[in-house]
Amino acid sequence: MTTLIAPSILAADFANLQRDIEMVNKSEADWFHIDIMDGVFVPNISFGMPVLKAIAKHANKTIDVHLMIVDPDRYIKTFADLGANILTVHYEACTHLHRTIQAIKAAGMKAGVALNPHTPIAVLEDVIADLDLVCIMSVNPGFGGQSFIENTYKKVRQLKHLIEFSKSDCQIEIDGGVTNKNAAALTEAGADVLVAGSYVFGSEDPLATIADLKTM
Ligand SMILES: O=C(CO)[C@@H](O)[C@H](O)COP(=O)(O)O
Ligand SMILES: [Fe+2]
């Protein structure tokens, strides 16, 4: 199976959002990656429900929502109603992670958990069988355009082992600083989904950049 590519809309031109959504629609990308930041869990605020609603209206691919917010349980139903297909919460933001995962699935979405760079893979041991996606943060969450953290490769391999050992069919997503310099090595280590924001939207030809990432 080839690696899935999920352009991060955080790096799109918000004054030309529909144009950028149409670009992703006609590209070889697989998912839309949507970063929701609350200014509390992370030191930045991105955008909220009205913008997600507008994106969902035009997007014709899987909508992968990455919540960087505290107490995400408050909004699970809202994100399902807005059109999220995959809802990823942060391990560090959930007091009752098992309950949150079940609530996401009960709302009809796939359930993902994201781990900050300092959080070990081992914390997922007792929920891995319930998960559809694990998002390994390869930068500290909160901003696009940061440098990739090299320790990520080790975590991908550890997660791959845990998934195989648990007979889980959960996918491994890498988020932050993904470029053509690390994409092939991430795929080789076991990544299933690569999120790319500034590398795609900051390039001369985003369609070609996405197509190129797909080959890695
Ligand atoms: O969740 C985040 C950042 O917190 C990411 O999804 C970024 O939006 C990825 O952007 P690049 O690092 O690819 O520019
Ligand atoms: Fe993200």
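Residues numbered from 1 in each chain as written. Chains lettered and ligands numbered in written order. Predicted model: local features only at pLDDT ≥ 70, side-chain atom pairs only at ≥ 80, totals over all residues. Heavy atoms only, no water.

As annotated in an unreviewed UniProt entry, the chain carries the name Ribulose-phosphate 3-epimerase and comes from Polaribacter pacificus. The record in UniProt for the chain states the following under Function (unreviewed entry): "Catalyzes the reversible epimerization of D-ribulose 5-phosphate to D-xylulose 5-phosphate." Checking UniProt for the chain, the heading Catalytic activity (unreviewed entry) contains the comment "D-ribulose 5-phosphate = D-xylulose 5-phosphate". (UniProt positions renumbered as here; feature names shortened; annotations may be inferred.)

**Q** Got a minute to help me understand the state of the cysteines in this structure?
**A** Cysteine pairs can be covalently joined through their sulfur atoms, and such a bond is termed a disulfide. Under the counting rule described, the total for this entry stands at zero disulfides. Between Cys94, a free cysteine, and Cys135, which holds the nearest cysteine sulfur, the sulfur-to-sulfur gap is 13 Å. Judged by relative accessible area, which is 12%, Cys94 ranks as buried. The cysteine Cys170 is free of any disulfide, with Cys135 supplying the nearest cysteine sulfur at 11 Å. (Disulfide = S-S within 2.5 Å. Buried < 20%, exposed > 50% of the residue type's maximum accessible area, 1.4 Å probe, protein only.)

**Q** Just checking my understanding: could you explain unusual backbone geometry for this structure?
**A** Outside of glycine, negative phi angles account for most residues, and trans bonds account for most peptide bonds. Phi at Asp71 takes a positive value of approximately 45 degrees, unusual for a residue other than glycine. For Lys167, which is not a glycine, the phi torsion comes out positive at approximately 55 degrees. Mapped onto the fold, Lys167 is located in the loop between helix H5 (152-165) and strand E7 (171-175). (Helix = DSSP H or I, 4+ residues; strand = E, 2+ residues; numbered from the N terminus.)

**Q** What is the right way to look at the pattern of salt bridges in this model?
**A** Side chains carrying opposite charge are able to pair once their charged atoms draw close together. A complete count under the given rule lists five salt bridges for this structure. Among the ionic pairs, Asp20 bridges to Arg19, the shortest N-O distance being 3.1 Å. Take Asp20: its relative accessible area is 7%, and that puts it in the buried class. The partner of Asp71 in a salt bridge is Arg74, and the shortest N-O contact between them spans 3.8 Å. Overall, Arg74 belongs to the partly exposed group, its relative accessible area being 45%. (Salt bridge = Lys/Arg side-chain N within 4 Å of Asp/Glu carboxyl O.)

**Q** Help me understand the packing of aromatic side chains, please; the structure alone is not making it clear to me.
**A** Pairs of aromatic rings are described using the distance from one ring centre to the other and the angle between the two planes. Per the stated rule, a full pass over the model turns up two aromatic pairs. With a centroid separation of 5.7 Å and 70 degrees between ring planes, the pair formed by Phe14 and Phe47 is classed as edge-to-face. Residue Phe14 is located in the loop between strand E1 (4-7) and helix H1 (17-26), and its partner Phe47 is located in the loop between strand E2 (31-37) and helix H2 (49-58); the two are separated by 33 residues in the primary sequence. Phe14 sits in the partly exposed class, given a relative accessible area of 41%. Since its relative accessible area comes to 9%, Phe47 is described here as buried. For the ring pair Phe148 and Tyr153, a centre distance of 5.3 Å and an interplane angle of 55 degrees mean the geometry is tilted. The same class applies to Phe148 as to Tyr153, namely buried. (Phe/Tyr/Trp six-rings, centres within 6.5 Å; stacked < 30°, edge-to-face > 60°.)

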